[in-house]
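# A look at the structure
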Amino acid sequence: MSAVNAVISRKAVRHNFKRIKSIVKTSRVISVLKANAYGHGVLEMARILVDSDAFGVARLEEALELRNADFTTPILLMEGFFNTADIEVLIEHDIQTVIHSLEQVSQLEAFAKAHSTLTANLKVWLKIDTGMNRLGIAPSQLDEALARINTLGFVDSKINFMTHFSCADDLDNCFTSEQMSQFYTLVEPHDGELTLANSAGIIAWPDSHADWVRPGLLLYGCSPMLNRIGEQDDFIAAMTLSTSVIAIKPLAKGENVGYGAHWKTERDTQLAVIAIGYGDGYPRHAKAGTPVLINGNRYPIVGRVSMDMVTVDLGNEHQVSCGDPVIMWGPQLPVEEIAQWSDTICYELILQLTSRVDIKFVE
Ligand SMILES: Cc1ncc(COP(=O)(O)O)c(C=O)c1O
């Protein structure tokens with residue numbers, strides 16, 4: 001048993017998946033399992049989410065991990081392949097791919113030339129850049145991309161279309177509407193199935209649901225929306241991160257705490273030292289005041305987060321003892337709140353836990 005534990009509730013994940021289905025109704029669901037299922041453990045998450053219509057990953061090695069574990073669910077490589085040699089692997093393992101640039105179309109053509117007798121049916125999703133300006137072909141390249149892909153015998157002739165939102169977490173930002181309307185206008189003359197929505201699209205932009213949605217964060221029970229938590233939209237945080245109290249010490253008014261003498265007691269008090277730090281992936285930038293939960297009560301972190309320890313101000317009226325469990329985040333202490341205290345996003349927190357943390361699944 002390690003000092004720091006991340007317990008993942010299968011029941012919560014199942015609930016979140018059902019909740020997504022109930023919101024999107026008829027749209028099919030690509031469960032996004034990239035980055036080790038946002039730090040939760042990809043194979044176990046794939047088992048729980050085996051009813052997904054597809055799995056979404058960023059990297060070829062993530063897709064292969066699923067295939068090597070015998071998952072037969074369709075897999076979409078959302079970042080696309082990186083070189084011509086990858087195309088053979090995609091075909092061999094029946095992995096669908098995003099095409100986001102004309103350079104990739106050229107790589108497909110080169111592959112076709114080198115394998116002229118190949119009879120495959122590579123499924124392709126053409127990603128159109130509607131303003132995120134990251135991956136995606138420019139709208140002006142759409143006709144050329146389609147015409148060139150359509151001449152390739154080993155590519156499925158039914159091409160699907162995709163775009164990605166840059167501001168969907170912000171309900172007041174009309175750029176999402178602009179992205180949607182540009183995308184729908186561009187694909188209108190064509191036949192393929194459509195996908196636009198990430199988690200924020202699912203919650204906040206019903207017009208984006210289309211044929212397929214691509215939830216990541218919501219599966220894990222967290223909210224992608226600014227200043228909201230998953231619970232407000234009936235999602236349940238799947239992960240509870242916890243440690244324990246390893247020391248309690250009295251301090252007089254005016255004493256320094258931690259590296260850099262960053263924090264000073266304003267009254268006589270008692271301090272709990274807890275066994276977690278940035279060596280476990282807890283954010284070093286968590287500010288003084290960031291809450292932890294001990295025996296159902298919130299206490300503030302004080303002083304700097306160190307590699308293996310965090311100090312917590314208990315005051316003088318507490319019932320805390322050495323060995324008591326401490327919850328760093330979970331359903332009762334939203335990770336979205338900890339992210340705010342740490343000037344980051346909950347995505348980063350849940351997936352930056354280190355190998356020192358024991359991840360365990362419970363029913
Ligand atoms: C292309 C694409 N689709 C869907 C997602 C899932 O996003 P979210 O976790 O916000 O649902 C991501 C994640 O970054 C992504 O890159």
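Nothing here was measured: the structure is a model prediction, and the numbers come from that model. (Residues numbered from 1 in each chain as written. Predicted model: local features only at pLDDT ≥ 70, side-chain atom pairs only at ≥ 80, totals over all residues. Heavy atoms only, no water.)

Next up on the list: the overall build of the protein chain. Looking only at helices and strands, one finds 11 helices and 18 strands in the protein chain. Considered along the principal axes of its C-alpha atoms, the protein chain spans approximately 80 × 40 × 40 Å. Within the protein chain, buried positions represent 53% of all 363 residues. For the protein chain, the proportion of contacts with a sequence separation of at least 24, taken over those separated by at least 6, is 67%. When the accessible area of the protein chain is evaluated, it comes to approximately 16,200 Å², of which 50% is carbon and sulfur surface. (Helix = DSSP H or I, 4+ residues; strand = E, 2+ residues; numbered from the N terminus. Buried < 20%, exposed > 50% of the residue type's maximum accessible area, 1.4 Å probe, protein only. Contact = heavy atoms within 4.5 Å. Areas by Shrake-Rupley, 256 points an atom, 1.4 Å probe, with all protein chains shown as cover.)

Covalent bonding between the sulfur atoms of two cysteines defines a disulfide. Tallied over the full model, the rule gives 0 disulfides. The thiol of cysteine 174 is unpaired, and the distance to the nearest cysteine sulfur, on cysteine 167, comes to 9.3 Å. Take cysteine 222: it sits in no disulfide, and the sulfur closest to it among the cysteines is that of cysteine 346, at 4.6 Å. (Disulfide = S-S within 2.5 Å.)

Both faces of the sheet carry side chains from a regular strand, because those side chains alternate between them. As paired elements, strand S1 (residues 5-9) and strand S10 (residues 239-251) share 4 bridges and run antiparallel to each other. Of the residues in S10, the one forming a bridge with alanine 6 is leucine 241. Pairing of S10 with strand S17 (residues 325-329), which is carried by 4 bridges, proceeds in the antiparallel orientation. Looking at the pairing, serine 242 lines up with isoleucine 327 of S17. Bridge analysis of S10 against strand S13 (residues 269-274) gives 6 bridges, and the strand direction is antiparallel. Looking at S13, one finds that leucine 251 is bridged to threonine 269. (Pairing = 2+ DSSP bridges.)

Further remarks concern the packing of helix H5 (residues 84-92) against helix H6 (residues 102-114). For the pair H5 and H6, the least separation of the axes is 9 Å and the interaxial angle reads 70°. In terms of orientation, H5 lies roughly perpendicular with respect to H6. Where H5 approaches H6, its residues Thr84, Ile87, Glu88 and Ile91 are matched on the opposing element by Gln107, Leu108 and Phe111. (Axes fitted to C-alpha atoms, helices over the stretch in contact; angles between N-to-C directions. Parallel < 35°, antiparallel > 145°, perpendicular 65-115°, else oblique.)

Further remarks concern the nonpolar core. The biggest cluster of nonpolar side chains holds 114 residues, and the ones touching the most others in it are Leu126, Phe154, Tyr282 and Trp329. Looking at which element gives the most residues to this core, the answer is helix H1 (residues 10-24), with 6 residues. Mapped onto the domain boundaries, this core takes at least three residues apiece from domain 1 (10-224) and domain 2 (239-333). If we ignore the near neighbours within four places in the chain, the residues touching tryptophan 329 are Met239, Thr240, Leu241, Tyr282, Pro283, Val335, Ile338, Leu349, Ile350 and Leu353. Counting 5 residues, the second largest nonpolar core, distinct from the first, contains Leu251, Val257, Trp263 and Leu271. (Core = buried A, V, L, I, M, F, W, Y, C linked by side-chain atoms within 4.5 Å. Domains from an automatic or database assignment.)

Further remarks concern the layout of surface pockets. Looking at the largest pocket, its volume works out to about 910 Å³. Around the largest pocket sit 39 residues that line it, and Asn198, Leu217, Pro224, Ile345 and Tyr347 are the ones nearest its centre. Within the residue set of the lining of the largest pocket, elements represented by two or more residues are helix H2 (34-39), helix H9 (199-204), helix H10 (335-341) and helix H11 (346-351). Residue composition of the lining of the largest pocket, by class: 21 nonpolar, 9 polar and 9 charged. Here the second largest pocket is characterised by a volume of approximately 180 Å³. In terms of lining, the second largest pocket is formed by Val257, Gly258, Tyr259, Val273, Tyr278, Arg304, Ser306, Met307, Asp308, Met309, Val310 and Thr311. (1 Å grid on protein atoms, 1.4 Å probe; cavity = no way out; pocket = protein on both sides within 12 Å on 5 of 7 lines; lining within 4 Å. Points joined across faces, edges and corners; volume = space filled by probe spheres on them. Nonpolar A, V, L, I, M, F, W, Y, C, P; charged D, E, K, R; others polar.)

Here we take up the site of the ligand. In the region of the ligand, 13 residues are neighbours, and Lys34, Tyr38, Ser199, Gly216 and Tyr347 sit closest. Backbone polar atom of glycine 216 to an oxygen atom of the ligand: 2.8 Å apart, as the coordinates give it. Here the ligand, which alone exposes 400 Å², has 90% of that area covered by the protein. Grouping the constituent residues of the shell around the ligand by class yields 6 nonpolar, 4 polar and 3 charged. (Near = heavy atom within 4 Å. Polar contact = N/O pair within 3.5 Å; in protein donor to acceptor, adjacent residues only side chain to side chain.)

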